[in-house]
Amino acid sequence: MPQFSIGFVIFPDLTQLDFTGPLQVLSRLPQSATHIVAKSAAPVPSDCGLGLVPTHTFVNCPPLDLICIPGGSEGVAGIINDRETIEFVRHKASAAKYITSVCTGAFVLGMAGFLKGRRATTHWAYTNLLPLVGATYEKARVVKDGNVITGGGVTAGIDFALSVIAEIAGETTARKI
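J.: Any chance you could break down helix α1 (residues 16–26) for me, citing the residues and the numbers?
T.: A large share of α1 lies buried, amounting to eight of its 11 residues. Among all positions in α1, only Gln16, Asp18, Phe19, Gly21, Pro22, Leu23, Val25 and Leu26 are buried. Packed against the buried residues of α1 are β1 (4–9), β2 (32–38), β4 (51–52), β6 (66–69), β7 (98–102) and α5 (156–169).

Below, the structure written as structure tokens:
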């Protein structure tokens, strides 16, 4: 059985917990490989100054079964108009089984065209902006609409990751993790 390929797209000023909470959970999915992807191989500073080291770049990223975009208001504001990042997300997500985000990472998915006509969630302070990217806000910590799964901010990222594990590998595996 081939490994299930999980990719996190990281960018400057992302909220570290929006990334590392789900990373901690999803990296424990049996028979999976986790990839941390950025524009370049250089360390990426989070919004708290912690440097995050990518395992892959946009150029050498393998095919992904699940793509996850973490949030961070300043970081997302910095990349939603970055053509290279949005095109990378569009390309990788279009072939993925699951297209996911945590917190304001939903707006990156929206800019890439994946939230049009879908229900989604994000950080509570930004829910009123979801219609700008074609989404309908649903008040929940985790929202699944087809193969698109969005999670609210920070601590909801762990709930999000556990619900993704349950979706992929079953409730028993999620409870063990």
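Structure's up, so let's keep going.
J.: Explain the sheet that holds strand β5 (residues 56–57) to me, and be specific about the residues and the numbers.
T.: If you trace the seven strands from one edge of the open sheet to the other, you get β5-β2-β1-β6-β7-β11-β10, paired in mixed fashion. In this open sheet, the two edge strands, each paired with only one partner strand, are β5 and β10 (142–145). The sheet contact formed by β7 and strand β11 (residues 148–151) spans four bridges and is parallel. Paired with threonine 100 across the strands is isoleucine 149, a residue of β11. Strands in contact with α5 are β1, β6, β7, β10 and β11; relative to β7, the strand with the most contacts, it is inclined by about 165 degrees.

J.: If you had to explain the side chain of aspartate 145 to someone new, which residues and values would you point to?
T.: Along the chain, aspartate 145 falls in strand β10. A polar atom in the side chain of aspartate 145 sits 2.8 Å from the backbone nitrogen of arginine 119. Once you skip the residues sitting within four places of it in the chain, aspartate 145 turns out to touch Gly117, Arg118 and Arg119.

Procedures and definitions
Residues numbered from 1 in each chain as written. Predicted model: local features only at pLDDT ≥ 70, side-chain atom pairs only at ≥ 80, totals over all residues. Heavy atoms only, no water. Buried < 20%, exposed > 50% of the residue type's maximum accessible area, 1.4 Å probe, protein only. Helix = DSSP H or I, 4+ residues; strand = E, 2+ residues; numbered from the N terminus. Contact = heavy atoms within 4.5 Å. Pairing = 2+ DSSP bridges. Axes fitted to C-alpha atoms, helices over the stretch in contact; angles between N-to-C directions. Polar contact = N/O pair within 3.5 Å; in protein donor to acceptor, adjacent residues only side chain to side chain.

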